[in-house]
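Next come the chains, spelled out residue by residue.
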Amino acid sequence: GRKLLFAGGAKKGNFIPVHGCLSSEEIGIAEGFATAATIAKEHPHMCVIAAIDAGNLETVAIAIRNRKPYAEITIFGDDDRLTESNPGATKAWAAAVCAGAQVCLPPWPFDAPPSLSDFNDLACWFEDNYREIENDE
């Protein structure tokens, strides 16, 4: 439930490679590791990295753009719908503008609980609902 980073650790501009390699021409950048892992599962052809948190998205996206000027970069943003000013989506859009990338936010079904905020939450919710339907049959 809580994220604890190493106190004094270098985060800015650093990221976690989750899937693929940076030689790819299609790169996905997610906020956190769980979201990046979910994106990697759904897009196995894509290089996917985790920026660690929303505050690091812009720096990472710019660094990737500088290294890969012609790559198609997608920022897979969180949608913090219940948080004032929606920092996940706001920072995803800011990173995309600065890095010439596109943004993808979770496509919420009409019955998705408002507490869900990222692609991993959505995938887990779908999996739980699918399991319930399967068990009912």
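Residues numbered from 1 in each chain as written. Predicted model: local features only at pLDDT ≥ 70, side-chain atom pairs only at ≥ 80, totals over all residues. Heavy atoms only, no water.

## Focus on the pairing of strand 3 (residues 47-50)
The side chains of a regular strand alternate between both faces of the sheet.
Stage number 1. Alternating positions in strand 3 separate into two faces, Cys47 and Ile49 on one and Val48 and Ala50 on the other, with burial throughout.
Stage number 2. One ladder, built from three bridges, connects strand 1 (residues 16-19) with strand 3; its direction is antiparallel. Across the sheet, the residue bridging to Pro17 is Ile49, located in strand 3.
Stage number 3. Bridge count between strand 2 (residues 26-30) and strand 3: four bridges; the pairing is parallel. By the bridge assignment, Ile27 is partnered in strand 3 with Cys47.
Stage number 4. A crossover connection joins strand 2 to the parallel strand 3 through helix 1 (residues 33-42); in handedness this β-α-β unit is right-handed. (Buried < 20%, exposed > 50% of the residue type's maximum accessible area, 1.4 Å probe, protein only. Helix = DSSP H or I, 4+ residues; strand = E, 2+ residues; numbered from the N terminus. Pairing = 2+ DSSP bridges. Right-handed = clockwise from strand over helix to strand, strands pointing away.)

## Here's the deal with the pairing of strand 4 (residues 72-76)
Stage number 1. Burial within strand 4 is extensive, with four of its five residues counted as buried.
Stage number 2. Taken together, the five bridges between strand 2 and strand 4 define a ladder with parallel strand orientation. Bridge assignment links Ile27 to a residue of strand 4, and that residue is Ile73.
Stage number 3. One ladder, built from three bridges, connects strand 4 with strand 5 (residues 102-104); its direction is parallel.

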